[in-house]
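Here is what each chain is made of, one letter per residue.
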Amino acid sequence: MIIKSNSSKKPNVSFVNTTKQYYITGMSLIILSAVFLYYGYSTQIPLKHVISLKSNLSLHNIISDKFLSIGLDSSLLRHLSNVPINNKKFMNLARHLSPAFVRIGGTSADCLFFNQTSEQLEKKDNKELLVYSNDTSNFSITSNDFISLYQFTQDANLRMIFDLNVLRRNSDGSWNSDNGQEIILFAKKHGMELDWQMGNEPNSFFHVFNIRISAQQLAEDYCKLRSLLNESGYKDSSLMGPEANHIGDSGQFYAHIFLKYVKDCIDDVTWHQYYLNGHIAQLEEFLNPLTFNRLSTQIDTMNWAIKTSGQVKNMWISETSSAYGGGAPNLSDRFVASFLWLDKLGYSAKANVQVVIRQTLYGGDYAMVGHDLHPNPDWWLSVLYKKLVSERVLDLQAPDNFGKLRMYAHCASQQMAKSTDSSIVIYGVNLNTQDIRINLQIPTKEKHVYAYILTSKDLQSRDIYLNENILKLKNDGSLPKFEPKILNINDVIVLPPYSLQFFIVHQIPVAACSN
């Protein structure tokens, strides 16, 4: 429609009003669209985080070279012939996690009887027997079983910790040490070098076994065991306890009293940590920062128990995974559980927890290695951690580590560090549903950062990808080459959604990391 201009005529009021309405409406739409685009797009733009490291940084703390360790649940000993400890592939999978402790412990430790001469009861060849068991009946292992178990740990270059049965009691309520002494003397006779525990989650004995052992009595039992070890030639072997659980509920009070009375009879303080109930855990809980943040509260609580007892002892988390009760099916042994695992390693190291023992290498729904002897994602993550991360912990200036981006820093391992320069590794998790951009502000002459980014195509998959390449063992069972992605250190680094990452940076002027 064409309107001719005629200044001598009065304007068409209806047309002007209509045009004005269209103009106002159009401008409103433009403004609303701009507002929508701004706020809508801004919520989609990946946030940019600055991660910095000061050149004059001192060492935050040093953890054990066996910080990342593993467990084998005592329930597996009920049917040891079904556990592949004599399988070469399984032994190689364990060796890739060395140096490490391997804790032989769990609920069934307090049902175990050592019988050198008798054979075990006939065992059925049933893979279901390898699933975590709540069986609380007594059972026996033979001398041959114990030798086989120890030989496996030696072949895999692991240091064995054996959990003795504390529920064998005398009439006065004290620990009956006869069978424990038999195991200890047998081990010494065969030249076995190992460390010891006694009892599993004693503050929960009434719930599990309908038996109560006070914290003071347990402390006396531990001192009795310490004397027995010293007299039997194991003076240099470590003894750790009390193996308490429910820290944050009531377990810390049990541990506190135990520590007041046990004094110097133990070397390290141990407790168990889980985030979730494996029978009811849901996928969303494995990604919720509130789940992750339970760990910091529990560590603080256990630190209180140690400090107020008057003891100065190193803390270990001697049994831990994502979910108790054998793990959460199709969750605790899948990619989604790796976020909790890596964050636990990072936070625990920074909190000066000396050792974290992962439950379990094999068996149950939280296994690092499946019954098919294929590694699960947490095994791959642990192997990469061992290769890249040293025991020297740094104080990284990172985003809020109680949210969805959680980052940590250590000196890089010796095999990753250049011979003449200090090297660091920054690692962590991105729990966001979108890409996150980070900028590394690190004093270095190095132009590159070496990135190892782990992802999966499905949160509940057993497959894990390193820089978009699936991780698989070679045909001979050896490890593939872990190829980093080489990035420009001055560029913005993009973290994919639901990813785990390690970044190696060389030539850092941090004296703590000098070789």
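Remember, predicted model here, so these are calculated numbers, not experimental data. (Residues numbered from 1 in each chain as written. Predicted model: local features only at pLDDT ≥ 70, side-chain atom pairs only at ≥ 80, totals over all residues. Heavy atoms only, no water.)

### Examining the packing of aromatic side chains
For the coordinates displayed, the defined rule picks out 21 aromatic pairs. Arranged with centres 6.3 Å apart and planes meeting at 65°, the rings of Tyr 347 and Phe 402 form a pair that is edge-to-face. With Tyr 347 in helix α10 (residues 338–350) and Phe 402 in the loop between β13 (389–394) and β14 (405–412), the pair connects residues that are 55 residues apart, well separated along the chain. Accessibility expressed as a relative area gives 40% for Phe 402, which makes it partly exposed. Each ring, one from Tyr 408 and one from Tyr 427, has its centre 5.9 Å from the other, and the planes form 40°; the classification is tilted. A residue pair is termed long-range when its members are at least 10 positions apart, and Tyr 408 in strand β14 and Tyr 427 in strand β15 (residues 424–430) qualify at 19 residues. By relative accessible area, Tyr 408 is classed as buried at 3%. (Phe/Tyr/Trp six-rings, centres within 6.5 Å; stacked < 30°, edge-to-face > 60°. Helix = DSSP H or I, 4+ residues; strand = E, 2+ residues; numbered from the N terminus. Buried < 20%, exposed > 50% of the residue type's maximum accessible area, 1.4 Å probe, protein only.)

### A look at the sheet that holds strand β1 (residues 48–52)
Strands belonging to one sheet form pairs held by backbone hydrogen bonds; the direction of such a pair is parallel or antiparallel. Taken together, the 3 strands give an open sheet; going across it, the order is β1-β16-β21, and neighbouring strands pair in mixed fashion. The sheet is open, and its two edges are formed by β1 and β21 (493–495), each paired on a single side. Ignoring which end each strand starts from, the neighbouring axes of this sheet average 35° apart. Bridging between β1 and strand β16 (residues 436–441) involves 5 bridges; their strand directions are parallel. Of the residues in β16, the one forming a bridge with Ile 51 is Leu 440. (Pairing = 2+ DSSP bridges. Axes fitted to C-alpha atoms, helices over the stretch in contact; angles between N-to-C directions.)

### Some details on the side chain of Arg 103
Within the secondary structure, Arg 103 sits in strand β4 (residues 100–105). Taking relative accessible area as the criterion, Arg 103 reaches 1% and is therefore assigned buried.

### Digging into the sheet that holds strand β3 (residues 68–73)
A sheet is described by the order of its strands in space; here 8 strands give the open sequence β8-β7-β4-β3-β12-β11-β10-β9, paired in parallel fashion. The outermost strands of the open sheet, each flanked by one partner alone, are β8 (195–198) and β9 (240–244). Taken pair by pair, the neighbouring strands of this sheet meet at an average axis angle of 25°, ignoring direction. Two elements, β3 and strand β12 (residues 353–358), share 3 bridges in a ladder whose sense is parallel. Note that in β12 the partner of Ile 70 across the bridge is Arg 358.

### Section: empty space enclosed by the protein
Empty space among the atoms can be located by rolling a probe the size of a water molecule over them. Summed over the entire model, instances satisfying the criterion amount to 5 cavities of 30 Å³ or more. Space inside the largest cavity adds up to approximately 60 Å³. Lining the largest cavity we find Leu 112, Phe 162, Asp 163, Leu 164, Asn 165, Arg 168, Trp 175, Asn 176, Asn 179, Gly 180 and Ile 183. Elements with a contribution of two residues or more to the lining of the largest cavity: β7 (158–164) and α4 (178–189). Its residues placed into classes, the lining of the largest cavity shows 5 nonpolar, 4 polar and 2 charged. In this model, the second largest cavity occupies a volume close to 50 Å³. Lining the second largest cavity, in full, are Tyr 275, Ser 321, Ser 322, Ser 332, Ala 337, Leu 340, Trp 341, Lys 344, Arg 358 and Asp 378. Breaking the lining of the second largest cavity down by element, the ones donating at least two residues are β11 (314–324) and α10. A total of 3 residues in the lining of the second largest cavity trace back to one element, the largest contributor, which is α10. (1 Å grid on protein atoms, 1.4 Å probe; cavity = no way out; pocket = protein on both sides within 12 Å on 5 of 7 lines; lining within 4 Å. Points joined across faces, edges and corners; volume = space filled by probe spheres on them. Nonpolar A, V, L, I, M, F, W, Y, C, P; charged D, E, K, R; others polar.)

### Details of the pattern of salt bridges
Here the structure, examined in full by the defined rule, presents 16 salt bridges. Between Asp 195 and Arg 159 there is a salt bridge, with its nearest N and O atoms 2.9 Å apart. Here the residue Asp 195 occupies a position in strand β8, and Arg 159 occupies one in strand β7, the gap between them amounting to 36 residues. A relative accessible area of 4% places Asp 195 in the buried class. The salt bridge involving Asp 378 is made with Arg 358; its shortest N-O contact spans 2.6 Å. With Asp 378 in helix α11 (residues 377–388) and Arg 358 in strand β12, this residue pair connects regions lying 20 residues apart in the sequence. (Salt bridge = Lys/Arg side-chain N within 4 Å of Asp/Glu carboxyl O.)

### Considerations on the state of the cysteines
Evaluation of the coordinates by the stated rule reveals 2 disulfides. Across the disulfide, Cys 223 is cross-linked to Cys 265 (sulfur-sulfur distance 2.1 Å). The sign of the S-S torsion, about 100°, decides the handedness of the disulfide formed by Cys 223 and Cys 265: right-handed. With Cys 223 in helix α6 (residues 215–231) and Cys 265 in the loop between α7 (251–262) and β10 (268–277), this pair connects stretches of sequence that are 42 residues apart. Under the relative-accessibility criterion, Cys 265 is labelled buried at 15%. (Disulfide = S-S within 2.5 Å.)

### Regarding the layout of surface pockets
Of the volumes computed, that of the largest pocket is approximately 800 Å³. Of all the secondary-structure elements, those providing two or more residues to the lining of the largest pocket are α5 (205–209), β10, α9 (294–308) and β11. In terms of residue class, the lining of the largest pocket is made up of 10 nonpolar, 20 polar and 5 charged. Put simply, the second largest pocket is a space of about 410 Å³. Of all the elements in the fold, those that place two or more residues in the lining of the second largest pocket are α11 and β13. Considered class by class, the residues forming the lining of the second largest pocket number 9 nonpolar, 7 polar and 6 charged.

### Things to note about the environment of Ser 232
Here Ser 232 shows up in the loop between α6 and β9. Residues Ser 232 and Leu 185 lie 47 residues apart in sequence; the distance between their C-alpha atoms is 6.5 Å. Those residues in contact with Ser 232 that sit more than four places away from it in its chain are Ile 184, Leu 185 and Lys 188. Here the side chain of Ser 232 touches Leu 228 through a polar contact of 2.7 Å, landing on its backbone oxygen. (Contact = heavy atoms within 4.5 Å. Polar contact = N/O pair within 3.5 Å; in protein donor to acceptor, adjacent residues only side chain to side chain.)

### Things to note about the side chain of Ser 108
Here Ser 108 lies in the loop between β4 and β5 (112–114). On the basis of relative accessibility, which here comes to 1%, the residue Ser 108 falls in the buried class. Not counting residues up to four positions away in its chain, the partners in contact with Ser 108 are Ser 74, Ser 75, Arg 78, Asp 135 and Phe 139.

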